[in-house]
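# A closer look at the structure
Here is how the chains run, residue by residue.
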Amino acid sequence: MSNSSQKIGFVSLGCPKALVDSERILTQLKVEGYEIVPSYDAADAVVVNTCGFIDAAVQESLDAIGEALHENGKVIVTGCLGKRSELIREAYPDVLAITGPQDYASVMSAVHSALPPKRNPLLDIIPDTGIKLTPKHYAYLKISEGCNHRCSFCIIPSMRGDLVSRPVDEVLLEAERLVKGGVKELLVISQDTSAYGVDIKYAERSWREKSYRTRMTELCEGLAELGVWTRLHYVYPYPHVDEVMPLMAEGKILPYLDIPFQHASPRILKLMKRPGNIDKTLERIQNWRKQVPDITLRSTFIVGFPGETDAEFEELLDFLREAELDRVGAFTYSPVDGAKANELPDPVPEELKEDRLEQFMAVQAEISAAKLKRKIGRTIKVLVDEATAEGAIARSSADAPEIDGVVRIANGQKLKPGQFVDVVVGSADEHDLYATLIS
Ligand code: SF4
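Residues numbered from 1 in each chain as written. Predicted model: local features only at pLDDT ≥ 70, side-chain atom pairs only at ≥ 80, totals over all residues. Heavy atoms only, no water.

## A short note on the UniProt feature "binding site: [4Fe-4S] cluster 2" (unreviewed entry) in the chain
Using the following cut-off: UniProt positions are given in the numbering used here, feature names are shortened, and annotations may be inferred rather than shown by experiment. Put simply, DSSP marks the helices as runs of H or I at least four residues long and the strands as runs of E at least two long, and each gets a number from the N terminus on. Three exposure classes are used, based on accessible area relative to the maximum for each residue type with a 1.4 Å probe and protein chains only: buried under 20%, partly exposed in between, and exposed over 50%.
Look at the UniProt record and you will see "binding site: [4Fe-4S] cluster 2" (unreviewed entry) annotated at Cys147, Cys151 and Cys154. Mapped onto the fold, Cys151 is located in the loop between β7 (144-145) and α5 (156-160). For Cys151, a relative accessible area of 9% gives the class buried. Among the structural elements, Cys154 can be located in the loop between β7 and α5. Here Cys154 falls in the buried class, since its relative accessible area comes to 19%.

## Points about the domain arrangement of the chain
Our working definition: Delimitation of the domains relies on an automatic or database domain assignment.
What the domain assignment reports for the chain is domain 1 (7-114), domain 2 (138-374) and domain 3 (378-437). Placing the centre of domain 1 and that of domain 3 at their C-alpha centroids yields a distance of 35 Å.

## With respect to the packing of helix α10 (residues 281-291) against helix α11 (residues 310-323)
The condition is simple: Angles shown run from 0 to 180 degrees and are taken between the N-to-C directions of axes, each axis being a line fitted to C-alpha atoms and, for helices, limited to the stretch in contact. When an angle is under 35 degrees it counts as roughly parallel; over 145 it counts as roughly antiparallel; between 65 and 115 it counts as roughly perpendicular; any other value is oblique. Here a crossing is called left-handed whenever its near helix is offset anticlockwise from the far helix by less than a right angle, and right-handed whenever the offset is clockwise. Contacts are residue-level and defined by heavy atoms, with any inter-residue pair within 4.5 Å sufficient. Each residue gets one label: Ala, Val, Leu, Ile, Met, Phe, Trp, Tyr, Cys and Pro are nonpolar, Asp, Glu, Lys and Arg are charged, and the others, such as Gly, are polar.
Two elements in contact, α10 and α11, have axes separated by 10 Å at closest approach and are oriented at 15°. Relative to α11, the element α10 is oriented roughly parallel. Where α10 crosses over α11, the handedness of that crossing is right-handed. For the pair α10 and α11, contact is made by Thr281, Leu282, Ile285 and Arg289 and by Phe319, Glu322 and Ala323, respectively. Looking at the contact of α10 with α11 residue by residue, the classes come out as four nonpolar, one polar and two charged.

## Some thoughts on the site of the ligand
The test is simple: The rule for a residue being near a molecule or strand is that one of its heavy atoms must lie within 4 Å of it.
What surrounds the ligand is the set Cys147, His149, Cys151, Phe153, Cys154, Ile156, Pro157, Gln191, Tyr236 and Arg274. Here the residues of the shell around the ligand sort into seven nonpolar, two polar and one charged.

## Details of the pattern of salt bridges
Inclusion rule: In the sections that follow, a salt bridge refers to a side-chain nitrogen of Lys or Arg positioned within 4 Å of a carboxyl oxygen of Asp or Glu.
Overall, the coordinates contain 27 salt bridges when judged by the stated rule. Two residues, Glu250 and Lys252, come together in a salt bridge whose shortest N-O distance is 3.4 Å. Salt bridges sharing common partners tie together Glu185, Arg231, Asp385 and Arg395.

## Side note on the packing of aromatic side chains
We count it as follows: Each aromatic pair joins two rings of Phe, Tyr and Trp (for Trp, the six-membered one) with centres within 6.5 Å, and gets the label stacked for planes under 30 degrees apart, edge-to-face for over 60, and tilted for any other angle.
Under the counting rule described, the total for this entry stands at eight aromatic pairs. Pairing Tyr138 with Tyr140 gives two aromatic rings, centres 6.3 Å apart and planes at 90°, and the pair type is edge-to-face. Both residues of the pair, Tyr138 and Tyr140, belong to the buried class. Three or more aromatic residues joined by ring pairs form one cluster here, namely Phe261, Phe301, Phe319 and Phe360.

## Describing the confidence of the model for the chain
Which entries qualify depends on this criterion: Per residue, pLDDT measures the predictor's confidence, with a range of 0 to 100.
Mean pLDDT over the chain: 89, with 92% of residues reaching 70 or higher. Contacts of residues 119-128 to residues separated by more than four positions or lying in other chains number 14 contacts, the stretch itself having pLDDT below 50.

## Structural notes on the sheet that holds strand β5 (residues 97-98)
Put simply, the test is: Criterion used throughout: strands pair if DSSP finds at least two bridges between them.
Spatial ordering of the open sheet is given by β2-β1-β3-β4-β5, a layout of five strands whose pairing is parallel. Here the strands that pair on one side only, and so sit at the sheet edges, are β2 (35-37) and β5. Sitting on the sheet, helix α4 (residues 104-114) touches β1 (7-12), β3 (45-50), β4 (75-79) and β5, and the angle it makes with β4 is about 175°.

## Re the side chain of Lys353
Counting through the fold element by element, Lys353 comes out in helix α12 (residues 350-373). Residue classification places Lys353 among the buried positions, given a relative accessible area of 5%.

## Re the environment of Glu350
Cut-off, in case you're wondering: Side-chain atoms alone can form a polar contact between residues adjacent in sequence; in general such a contact is a pair of N or O atoms within 3.5 Å, and within protein one must be able to donate a hydrogen while the other accepts it.
With respect to the secondary-structure elements, Glu350 resides in helix α12. Judged by its relative accessible area of 48%, Glu350 falls in the partly exposed class. In the structure, Glu350 is positioned 43 residues away from Gly307 in sequence and 13 Å away in space, judged by C-alpha atoms. Polar side-chain contacts of Glu350 include one of 3.1 Å to the side chain of Lys353.

## Considering the pairing of strand β15 (residues 327-332)
For β15, the buried fraction is high: five of the six residues fall into the buried class. Sheet topology note: the strand β14 (residues 296-303)/β15 ladder contains six bridges and is parallel. Opposite Ser299, over in β15, you have Val328 as the bridge partner.

## Examining the sheet that holds strand β19 (residues 420-428)
Read around the barrel, five strands follow the order β16-β17-β18-β20-β19 and close on themselves; strand pairing throughout is mixed. Neighbour-to-neighbour, the strand axes of this sheet turn through a mean angle of 50°, independent of strand direction. Note: strand β17 (residues 391-395) against strand β18 (residues 407-409), three bridges, orientation antiparallel. Note on β18: the bridge partner recorded for Ala394 is Val407.

Written as structure tokens, this is what we have:
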């Protein structure tokens, strides 16, 4: 049966948000009877979902398009880099079509003209949870598109536009379907989760005969009803973030916040045009920890932003030492085509940027290692991601998939992905925990 269907290869690059777009396109392709195949050879055409956030990602996306053209020849480009079609056309004039992010209809019409669909009623039967690229037991829940901020180093608003929130009932229904389909962990993503709903005036909707506003706290209250893990990403430290602390303290959502601080010097943050106020941040972090002692705080930072002085970099290190964040990612600043920050004076020399990144990571490595060490001897609940002959790999409330550490369970060979178990932590390094399953 599948021999008669049109075959599509799919390459998905970029961030978790792009992954959600890929999942939607794949679901639509399946619904229309296309078969998704894992190799260029077997495919009649290839869709490449690109990323254009930083220059390295642009290059990776261009390389992927080049490879797909070389190996297959029929290539449709979508995703963030699609907004810069002239760049793609210049490098690869032979691509069949270029569409932008979240433009599912255009991707599908490009696929239709390259490979007219041969409908197969049997393939129309598809679980209503859609096709997920992430393992079945966790799923990304995208609550909005676009962003109202204009951070000077970022071109996402010019690519994706202003914030457009999905009404809360729509999000809760999707979450409900995912949980029915076996998902045990929901990862809430957007460009700015704290701003959720502001564009639709926190519209009130009803779900399970109860009324909810389209707002971060109310969304969390709804998700808590589903009885699975809920993890919040890309939260900006606005005052109303304090409202979710009681939900974390009661175990309704995971005690985990991913807050991209990016810097700690007020002058640099101003140059970055970042939302939020850093002055009160340390105080607020302390308050959160008082209410939710186990809270895990993850953040990302940029070092070597144009004009960053030695003193401002020291300010950043001081913040790091004081805030004692659990998980930290850092990048050296790199200019992105079209970003306002490119016009700023006093670029930091490349060597100095690298040197600062190294210092920054060394300070954080010590903090992370010390924090993980404090977990030795404790019993924690983990969600199993995979099991092999060497044991199982799982994650605790402190570990988001792909970006944080893991918990390795030496005697976990028989565990199944998606299972929750209790383990005792035996040792730790600066990223991961090593634990034993309690029988
Ligand atoms: S908050 Fe800033 S960095 Fe994040 S998407 Fe919006 S403009 Fe870009």
